[in-house]
Amino acid sequence: MGGNEEKQLDESYYNPDLKNQIKRAQAYKKSLRRYNIISLVIFAALVLTAAACMIFMKRPDVSEIEKRSLAEKPEFSLSSFFSGEYTDNFSLYFSDTVPFREKLVSLSSFLKKARGISSPSFYGAVEIVADEDGNSVEEEYTETTAPPVTSVVSSVVSDENNETSIVTETVTVTQETTTAASSGELNIADFSNNGIVVDGVKMYGEDAGVMLFGGNKKQGKRYADIINKYHEALGDSVNVWNIVVPTSAEFYLPSRFSKYSASEKDAIDNIYANLAEGVTGVDAYSVLAEHTDEYIYFRTDHHWTPLGAYYAYTAFMDALGMEYHPIEDYTEKVKTGFVGSLYGYTGDVTLLNAPEEFHYFLPPEVNYTTSYYSYDTLAPKGSGALFHEYVEGGNCYGMFLGADAIHTRISTDVRNGRKIAVFKESYGNAFVPFLVNNFEEIYVIDIRYFGTNAVEYLKKIGVTDVLFIDNCFAANTSSLISGIERMFESDTGTVTTTVPTETSAADEKSEKTSAKTQKNTKKTTTDSKSKNAETSAPETEKKPAVTSVPQTDVPDEKQTVVPAQ
């Protein structure tokens with residue numbers, strides 16, 4: 001009876017559904033184990049592949065998007081290793097030169113927008129610098145850092161047989177800096193006076209970005225003071241002119257953001273009020289304000305357009321009492337697909353998806369030749385084109401003058417006895433070509449790159465006119481103003497020379513052997529991430545020379561420039 005009871009008990013508790021559930025649970029556990037193994041293998045493969053790419057793939061040298069040279073691999077030494085300098089620099093190099101970095105930056109920006117990040121987007125340490133009407137809330141503003149210093153630039157030159165070639169060189173100029181980037185990530189302070197705003201900004205009905213102006217009235221007065229010194233040194237026989245160019249923020253920044261950008265009109269008025277008698281401040285502001293419905297500034301770049309430069313040129317001609325051709329007399333050409341420096345500085349996909357046209361204008365009724373010289377030694381580099389029409393895409397602003405760090409002379413068939421020297425940063429690049437109809441000779445000197453005393457040079461070449469043309473950021477930025485001061489005071493301008501080390505009598509023979517080397521100009525390398533204006537990217541064949549960013553600019557002074565910004 002006991003056996004029958006146990007059998008009945010087993011049958012009474014037997015549940016076919018429960019048995020099936022147990023089987024399914026066992027099958028699921030087995031499948032999960034298989035899935036986990038496969039996932040682990042795939043993850044390990046991805047990690048190993050990424051590691052192999054990081055270790056063995058060629059690392060980029062230049063960022064085409066950011067228009068700058070990337071960090072270089074540091075050389076190992078025991079002293080730098082124990083001081084921590086080597087590990088810091090290697091970390092910067094490793095993160096700054098990740099393979100496929102351009103594509104990864106673009107992908108990151110796209111994913112950010114896809115998550116629905118709210119508009120607008122601010123980049124940099126944006127601060128309130130004005131009241132709701134755009135009036136400055138402080139008399140002085142925080143000092144910004146210097147523009148870029150190490151640039152790889154290229155130019156098109158011709159030899160005596162008229163054979164054209166592209167010459168590429170690395171340029172390094174000592175710059176003042178007040179802060180430095182601590183990592184390989186882009187520090188917007190390198191490019192902007194008070195940050196950049198994208199999304200929520202429209203120009204000509206399309207998406208745009210603008211650099212916010214912080215200003216610095218103390219530096220503006222300093223800028224005017226050094227120009228006054230040039231006038232005093234050159235005498236009344238040389239006409240000295242100054243054009244301070246407003247940027248797009250002054251005209252296109254939505255009113256709801258006005259508290260983040262100070263009045264550029266006030267900053268320009270401050271500079272002009274401090275110019276000495278005999279130095280003429282040219283009112284480019286008013287003529288640009290009259291044409292804000294036209295394409296006078298780029299939407300994706302911190303520069304003005306050639307059309308904007310033309311209107312400033314007409315104001316300059318009016319001040320000189322010279323005639324000029326209407327814009328219709330110029331041969332207008334167009335390049336498409338231009339996405340400029342603001343995208344490079346921010347990586348914001350809104351700008352990437354808003355490419356614009358690049359219009360430029362070839363001058364009428366004039367013949368001219370363009371000669372290039374090394375910026376530091378002023379040694380001839382040959383002749384070349386004034387307009388580098390081969391440029392494409394993001395390099396389009398490199399259309400003019402070849403590169404910032406090249407000294408340029410333009411000789412024309414105009415016969416009026418007028419010779420002009422133009423001191424400029426990258427905004428001047430688009431302006432200079434319009435002068436070929438009005439001067440016999442035009443000397444173009446970038447305020448960041450010039451290897452001799454400017455006053456002595458101006459006297460030597462016998463100029464009749466000197467023009468300082470800078471965007472409002474540059475004219476209020478210490479590092480750029482320092483370049484103008486160094487050219488006034490130093491025999492080597494913005495170039496830093498190495499002082500020979502002292503030697504004992506026993507080493508006299510060795511000293512004589514190395515004297516020639518010690519006297520050579522040395523180029524001091526600075527971190528391409530420390531800060532304006534204008535960061536140049538290296539150029540290869542069929543690519544333009546680079547432009548820097550305003551400053552600070554673009555936001556221009558510790559940057560490394562490429563055609564450009």
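Residues numbered from 1 in each chain as written. Predicted model: local features only at pLDDT ≥ 70, side-chain atom pairs only at ≥ 80, totals over all residues. Heavy atoms only, no water.

Colleague: Whenever I open this one, the overall build of the protein confuses me. Can you help?
Modeller: Within the protein, the secondary structure is distributed over 16 helices and 17 strands. The buried share of the protein, taken over its 565 residues, is 53%. When the accessible surface of the protein is split by element, carbon and sulfur atoms take 52% of a total near 25,300 Å². (Helix = DSSP H or I, 4+ residues; strand = E, 2+ residues; numbered from the N terminus. Buried < 20%, exposed > 50% of the residue type's maximum accessible area, 1.4 Å probe, protein only. Areas by Shrake-Rupley, 256 points an atom, 1.4 Å probe, with all protein chains shown as cover.)

Colleague: Explain the pairing of strand β16 (residues 441-446) here, please?
Modeller: Across a regular strand the side chains alternate sides, sitting on one face of the sheet and then on the other. Burial analysis of β16 places six of its six residues in the buried class, the great majority of the element. Across four bridges, the pairing between strand β14 (residues 406-412) and β16 is antiparallel. Within β16, the residue paired with Arg409 across the bridge is Tyr443. Of the pairings in the sheet, the one linking strand β15 (residues 419-424) to β16 comprises six bridges and is parallel in character. Bridge pairing in β16 links Ala421 to Tyr443. (Pairing = 2+ DSSP bridges.)

Colleague: Would you explain helix α10 (residues 306-320) in this entry?
Modeller: Note on helix geometry: an α-helix contains 3.6 residues per turn, so any two residues three or four positions apart are oriented the same way. The end-to-end C-alpha distance of α10 is 21 Å, a good match for the 21 Å that 15 residues give at a rise of 1.5 Å each. The buried fraction of α10 amounts to 13 of the 15 residues, a majority that puts the element mostly inside the structure. Remark: Gly321 follows α10 within two positions and exhibits a positive phi of approximately 75 degrees. (Expected span 1.5 Å × (residues − 1).)

Colleague: Could you clarify how one ought to interpret the pattern of salt bridges in this entry?
Modeller: Opposite charge on two side chains lets them pair, provided their charged atoms get close. Inspection of every chain in the model, using the stated rule, returns 14 salt bridges. Residue Asp207 pairs with Lys202 through a salt bridge whose shortest N-O separation is 2.6 Å. Overall, the relative accessible area of 27% leaves Asp207 in the partly exposed class. Each of the salt bridges in this network shares a partner with another, and the network as a whole consists of Asp404, Lys424, Asp446 and Arg448. (Salt bridge = Lys/Arg side-chain N within 4 Å of Asp/Glu carboxyl O.)

Colleague: When you look at the packing of helix α6 (residues 217-234) against helix α14 (residues 454-461) in this model, what are you seeing that I'm missing?
Modeller: Two numbers describe a pair of packed helices, the interaxial angle and the distance between the axes. Running from amino to carboxyl end, α6 crosses α14 at an angle of 45 degrees, the nearest separation of the two axes being 10 Å. The angle between the axes of α6 and α14 places the two elements in the oblique class. Remark: the crossing between α6 and α14 carries right-handed chirality. Contact residues: Tyr230, Ala233 and Leu234 in α6; Ala454, Val455, Leu458 and Lys459 in α14. For the contact of α6 with α14, a count of residues per class yields six nonpolar, no polar and one charged. (Axes fitted to C-alpha atoms, helices over the stretch in contact; angles between N-to-C directions. Parallel < 35°, antiparallel > 145°, perpendicular 65-115°, else oblique. Left-handed = near helix turned anticlockwise from the far one by under 90°. Contact = heavy atoms within 4.5 Å. Nonpolar A, V, L, I, M, F, W, Y, C, P; charged D, E, K, R; others polar.)

Colleague: What's the story with helix α8 (residues 264-273) in this structure? I'm lost.
Modeller: Every buried residue of α8 is accounted for by Glu264, Ala267, Ile268, Asn270 and Ile271. Down the axis, α8 shows its buried residues gathered within 155 degrees of arc, on one side only. The secondary structure elements touched by the buried residues of α8 are α6, β8 (239-245), α7 (249-252) and α9 (284-289). (Arc of directions from axis to C-beta.)

Colleague: Would you take a moment to explain the packing of aromatic side chains for this structure?
Modeller: Here the distance between the centres and the angle between the planes together describe a pair of aromatic rings. Per the stated rule, a full pass over the model turns up 38 aromatic pairs. Taking the centre distance of 6.1 Å and the plane angle of 40 degrees together, the rings of Phe251 and Tyr297 count as tilted. Residue Phe251 is located in helix α7, and its partner Tyr297 is located in the loop between α9 and α10; the two are separated by 46 residues in the primary sequence. Of the residues examined, Tyr297 reaches a relative accessible area of 0% and is grouped as buried. Taking the ring centre of Tyr285 as reference, the NZ or CZ of Lys265 above it sits at 5.7 Å. (Phe/Tyr/Trp six-rings, centres within 6.5 Å; stacked < 30°, edge-to-face > 60°. Lys NZ or Arg CZ within 6 Å of the ring centre and 35° of its normal.)

Colleague: What is the right way to look at empty space enclosed by the protein in this model?
Modeller: A probe matching the size of a water molecule, rolled over the atoms, marks out where space remains unfilled. By volume, the second largest cavity is sized at about 40 Å³. Contributing to the lining of the second largest cavity are Gly209, Val210, Met211, Thr247, Ser248, Asp301, His302, Leu342 and Phe473. Ranked by residues supplied to the lining of the second largest cavity, first place goes to strand β7 (residues 206-211) with three residues. Within the lining of the second largest cavity, the residues separate by chemical class into four nonpolar, four polar and one charged. (1 Å grid on protein atoms, 1.4 Å probe; cavity = no way out; pocket = protein on both sides within 12 Å on 5 of 7 lines; lining within 4 Å. Points joined across faces, edges and corners; volume = space filled by probe spheres on them.)

Colleague: It is not clear to me how the nonpolar core should be interpreted in this structure. Could you clarify?
Modeller: In globular proteins that are soluble, nonpolar side chains generally tend to be buried together. Counting residues in hydrophobic clusters, the biggest one holds 65 residues, and the most contacted among them are Trp304, Phe316, Phe431, Leu435 and Ile442. Ranked by the residues each element gives to this core, the list is headed by α10, at 10 residues. (Core = buried A, V, L, I, M, F, W, Y, C linked by side-chain atoms within 4.5 Å.)

Colleague: Sorry, what's going on with the side chain of Asn438 here?
Modeller: Turning to its location among the elements, Asn438 is positioned in the loop between α13 (427-431) and β16. Asn438 has contacts with Tyr313, Met317, Met322, Glu323, Val414, Asn416 and Arg418, leaving out every residue within four places of it along the chain.

Colleague: Looking at this structure, how should I read the sheet that holds strand β3 (residues 121-123)?
Modeller: Strand pairing in a sheet relies on backbone hydrogen bonds. The paired strands run either parallel or antiparallel. In spatial order, the strands read β3-β6-β7; together these three strands make up an open sheet with antiparallel pairing. Only two strands of the sheet have a single neighbouring strand rather than two, namely β3 and β7. Strand-to-strand twist across the sheet, computed as the mean angle between neighbouring axes with direction ignored, equals 45 degrees. Here β3 runs beside strand β6 (residues 196-203); their pairing, made up of three bridges, is antiparallel.

Colleague: How should the pairing of β8 be read in this particular structure?
Modeller: Across the seven residues of β8, six count as buried, placing the element largely inside the fold. Taken together, the seven bridges between β8 and strand β17 (residues 465-471) define a ladder with parallel strand orientation. Residue pairing in the sheet places Trp241 in a bridge with Leu467 of β17. For β8 and strand β9 (residues 279-281), the ladder comprises three bridges, and the chain directions are parallel. Bridge pairing in β9 places Asn242 opposite Gly281.

Colleague: Where do I start with the environment of Asp301 in this structure?
Modeller: Relative to the helices and strands, Asp301 is located in the loop between α9 and α10. Along the backbone, Asp301 and Leu342 are 41 residues apart, and their C-alpha atoms lie at a distance of 4.8 Å. Beyond its immediate stretch of four places on either side in the chain, Asp301 contacts Phe338, Gly340, Ser341, Leu342 and Glu356. Within the structure, Asp301 has its side chain in polar contact with the side chain of His303 (distance 2.5 Å). There is a polar contact of 2.7 Å between the side chain of Asp301 and the backbone nitrogen of Ser341. (Polar contact = N/O pair within 3.5 Å; in protein donor to acceptor, adjacent residues only side chain to side chain.)

Colleague: Would you mind showing me how to read the environment of Thr314 here?
Modeller: Structurally, Thr314 can be placed in helix α10. Taking relative accessible area as the criterion, Thr314 reaches 7% and is therefore assigned buried. Spatially, the C-alpha atom of Thr314 lies 9.0 Å from that of His325, the residues being 11 residues apart in sequence. When neighbours within four sequence positions are excluded, Thr314 is seen to be in contact with Val287 and Tyr324.

Colleague: Before we go on, may I ask you to explain the environment of Thr336 in this structure?
Modeller: By the element assignment, Thr336 lies in strand β10 (residues 331-338). Linking Thr336 and His359, residues 23 residues apart in sequence, is a C-alpha distance of 8.8 Å. Beyond its immediate chain neighbours, meaning those up to four positions away, Thr336 contacts Glu356 and Glu357.

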